[in-house]
Amino acid sequence: MSSRTFISYVLFSIFVSLLFNGTPLKAQKRLTERKVSLTVQQQPLEKALLLIGKNANFQFSYNVDIIPVDSLVSFKVVDTKVKKLLREILPKGIITRISGDHLILLKRKQKKVPPQSSKYSTGENKSYYIVTGHIYDARSGLGLDEASIYQVGKMNAALSNSRGRFELKVSEQEEYLGLGFSKENFQDTIIVIKPSDKPIDIFLRRKIETVENLEKQVVQEKSQLAPVENIPIVQFFVPDDQFKQARNRSVLEKRFIQLSLVPGVGTNLNSGGLADNRISLNLIAGYSGGASGLEVGGVLNIVRQNLVGTQIAGFGNIVGGSSKGLQIAGFSNHNRGEVNGVQIAGFSNSITSTLTGIQVAGFSNFLKGEMKGTQLAGFSNVSLEKVDGIQVAGFSNVSKDDVEKYQIAGFSNVALGKVNGIQFAGFSNYAQKDVEKAQVSAFSNVSSGDVGGAQVSGFSNVSRGEIGGVQLSFGSNVASGDVGGAQIAGINNIASGNVKGLQLSLLSNFSSGNVGGSQVAGFFNFGNKIEQAQISGLINVSGGEYAGAQISGFLNIGRKIKGAQIGAFNFADSVGGPMVGLFSYSNNGYHLLEFSSSPLFLSNLTFKTGGSRGFYNIITLANHSEKQVERWAIGYGLGLRQQLNRTLSLNQDLIAYQILEEEEWFPDMNTMYRFNLSLGIRINRTFTLAIGPNLNLQISRWRDPETGESLSQLAPYTLREFTYRDTDFRLWLGGQAALRIQW
């Protein structure tokens, strides 16, 4: 949507809101335009008004000084509007006002008369007087704390103190005054008085608490959320006395326009929460009972009940009831009722009921109820009920129930119900139940049920059920059930069941069942029973019988390997082929301890370990202590063993030693490389004697720092000796005898 199109849409929405949404006389028309059918013959006007109110289901409030209650009237009307009938039977100059289910009769103001109240102030353009009195509980006779008193048709209101006393400033001088008295859980009372210094005492009766009303109240409390007054930001902006006024009075006053700086500082005074405004302009923040047209706020708009029209705020809009129309906020829109229309926010939109329309947010949309429409968000969409439409998000979509159409996200889609359509995501898809069609994402797919088709993703696929087709991703594949085809991934494959085909990934493969083909991974493979080979750049693990070979760059672990193990470190219970690596150990393979002696090192302890095919690893520790000669050596090597017959064997060992002389570690290189050729004579199953020659090569840079003379005394003699770039090379022949213990 282009910026010009968007502005045109907003202006059109505002125009429609002002043209078609309710009028300030809407509440009044509900009473005066009700129709009655009634016959009255020569009855006092007071009784006629009672009959009209009863027939039209409302109450009259008036002062007997302005209504000739004893005058006799006669009329016969059929399906006639109340306002027409009142024009015929009431004196001229009587006007009506509405407050809830009360129709108030007042005398039309002709001229200002100075009031008789002693508390009177007059200026050039204003005057006021103060009405005082008490409000009591009709049952107990005690004063009612925090009861409301207000001027009918105006926005000035006050609260009683702990003794029930009140003071109400009346902004205009009127010959007759309509006053309303109300408190939560009490019946409203409205009177019409002539202002005077005489205090007013009002007794309010509690509402009748029938079983039916109590049950209805309990159901309503369970179904409704806490009011907007419980939101911290609302409590920050709205004074507490406005909350109390709103709780006491259930009927909203219709206002054409209101202006405010913040709640309590504006044309609606401290009764903002009781006004339903046609036009509401809030410089910083506003608080109203309803909005039925246009509301604009510099920072925040707060509506206790319903919005019908357009709301625009620099920061946010908060609506406690339903919304019909357009909401635009620089940061967020929050609704606790149904939304039928459009929400647009720079950061987030949230609805705790259902949405029929569109949510557009720079960051996220949250919906607790069902959705029929579209959610568009730069970051995420969350819907906790059924989604019948489209969710589009730059980051993620979440829906708790079925998704009948599409989920499209730059990052992820989550649907905890059945997905009949397709999930598209730039990152991932997740559905807890069956996915009847496909999951397609640039990153990952997740399904807790069976996937009848394919899972295709740029990164990973996850299914807790069976996969009828192929799992293909540039990242990883996970299947809790069997995979009918192959798993091919750029990172890893995981299958809790059997994989009939190939597992191929750049990182790792895991299968707790059987793999009918091979496992090929750049990093790690794990399989229970592998029919062919395990090939990885780092680690292979096989928990069951393995028909092929294990080949890795670092570690192979297997139980029963029929082929070979080739890697830096190899471990197995049994191996049918050779174990080739830096260190290999097999429970049923070749491992022994060797105690040996030679002129160079009188004491040698060597551990040899490997598979059953003759290739083994060597770890050795050597020491020579004699007179003033003390040296140590630690070495590592590789060896080959050839069994000549039942008694004789031939071993060829190549070992590298680090030499320590004079019981001190020094940073200079001092190494020796030895090739042993030994003949073993087996004494019994455990012990073997061995003897043979060895060829030794020393490479040393250990020199006196002052004279540059070589300090090593390792070589007993030399067949060849030379120096190259301060490095000494010495070659000689030797021999050794050994006792081997094998298990």
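Scroll up to find the structure this text is about.
In this report, we go over the structure that sits alongside the text. The shown structure was predicted, so the numbers you read here are calculated from the model rather than taken from an experiment.

## Quick look at the overall build of the protein chain
Link 1 in the chain: Secondary structure summary: the protein chain contains seven helices and 64 strands in total.
Link 2 in the chain: Per-residue burial for the protein chain yields a buried fraction of 48% across its 743 residues.
Link 3 in the chain: Restricting to contacts in the protein chain with at least 6 residues of sequence separation, those with at least 24 account for 30%.
Link 4 in the chain: If you sum the accessible surface of the protein chain, you get close to 35,700 Å²; carbon and sulfur atoms cover 57% of it.

## With respect to helix H4 (residues 82-89)
Link 1 in the chain: Along H4, the residues that are buried comprise Val82, Leu85, Leu86 and Ile89. The buried residues of H4 occupy one face: seen down the axis, they fall within an arc of 100 degrees. For H4, the exposed residues set more than 90 degrees away from the buried face come down to Arg87 and Glu88.

## Brief notes about the sheet that holds strand S12 (residues 189-193)
Link 1 in the chain: Pairing is antiparallel across the open sheet formed by four strands, whose spatial order is S9-S8-S11-S12. The open sheet is flanked by strand S9 (157-159) and S12, the only strands paired with a single partner. Strand-to-strand twist across the sheet, computed as the mean angle between neighbouring axes with direction ignored, equals 20 degrees.
Link 2 in the chain: The pairing of strand S11 (residues 177-182) with S12 spans five bridges and is classified as antiparallel.

## Examining the packing of helix H3 (residues 45-56) against H4
Link 1 in the chain: For the pair H3 and H4, the least separation of the axes is 12 Å and the interaxial angle reads 180 degrees. Considered as vectors, H3 and H4 are oriented roughly antiparallel to each other. Here Leu45, Leu49, Ile52 and Ala56 of H3 come into contact with H4, specifically with Val82, Leu85, Leu86 and Ile89.
Link 2 in the chain: For the contact of H3 with H4, the per-class residue count stands at eight nonpolar, no polar and no charged.

## Points about helix H7 (residues 240-248)
Link 1 in the chain: Listed in full, the buried residues belonging to H7 are Gln242, Phe243, Lys244, Gln245, Ala246 and Asn248.
Link 2 in the chain: Buried residues along H7 sit against strand S8 (148-151), S9, S11, helix H6 (232-237) and strand S17 (285-288).

## Here we look at the side chain of Glu253
Link 1 in the chain: In this structure, Glu253 sits in strand S14 (residues 253-262).
Link 2 in the chain: Buried and unpaired, Glu253 has Arg249 as its nearest opposite-charge partner, separated by 4.1 Å.

## Quick look at the environment of Gly264
Link 1 in the chain: Mapping Gly264 onto the fold places it in the loop between S14 and strand S15 (265-266).
Link 2 in the chain: Through-space distance from the C-alpha of Gly264 to that of Ala285 is 10.0 Å; in sequence the pair is 21 residues apart.
Link 3 in the chain: With residues up to four places along the chain from it excluded, the contact list for Gly264 reads Gln242 and Leu269.

Calculation rules
- Residues numbered from 1 in each chain as written.
- Predicted model: local features only at pLDDT ≥ 70, side-chain atom pairs only at ≥ 80, totals over all residues.
- Heavy atoms only, no water.
- Helix = DSSP H or I, 4+ residues; strand = E, 2+ residues; numbered from the N terminus.
- Buried < 20%, exposed > 50% of the residue type's maximum accessible area, 1.4 Å probe, protein only.
- Contact = heavy atoms within 4.5 Å.
- Areas by Shrake-Rupley, 256 points an atom, 1.4 Å probe, with all protein chains shown as cover.
- Arc of directions from axis to C-beta.
- Pairing = 2+ DSSP bridges.
- Axes fitted to C-alpha atoms, helices over the stretch in contact; angles between N-to-C directions.
- Parallel < 35°, antiparallel > 145°, perpendicular 65-115°, else oblique.
- Nonpolar A, V, L, I, M, F, W, Y, C, P; charged D, E, K, R; others polar.
- Lys, Arg positive; Asp, Glu negative; His and termini not counted.
- Salt bridge = Lys/Arg side-chain N within 4 Å of Asp/Glu carboxyl O.

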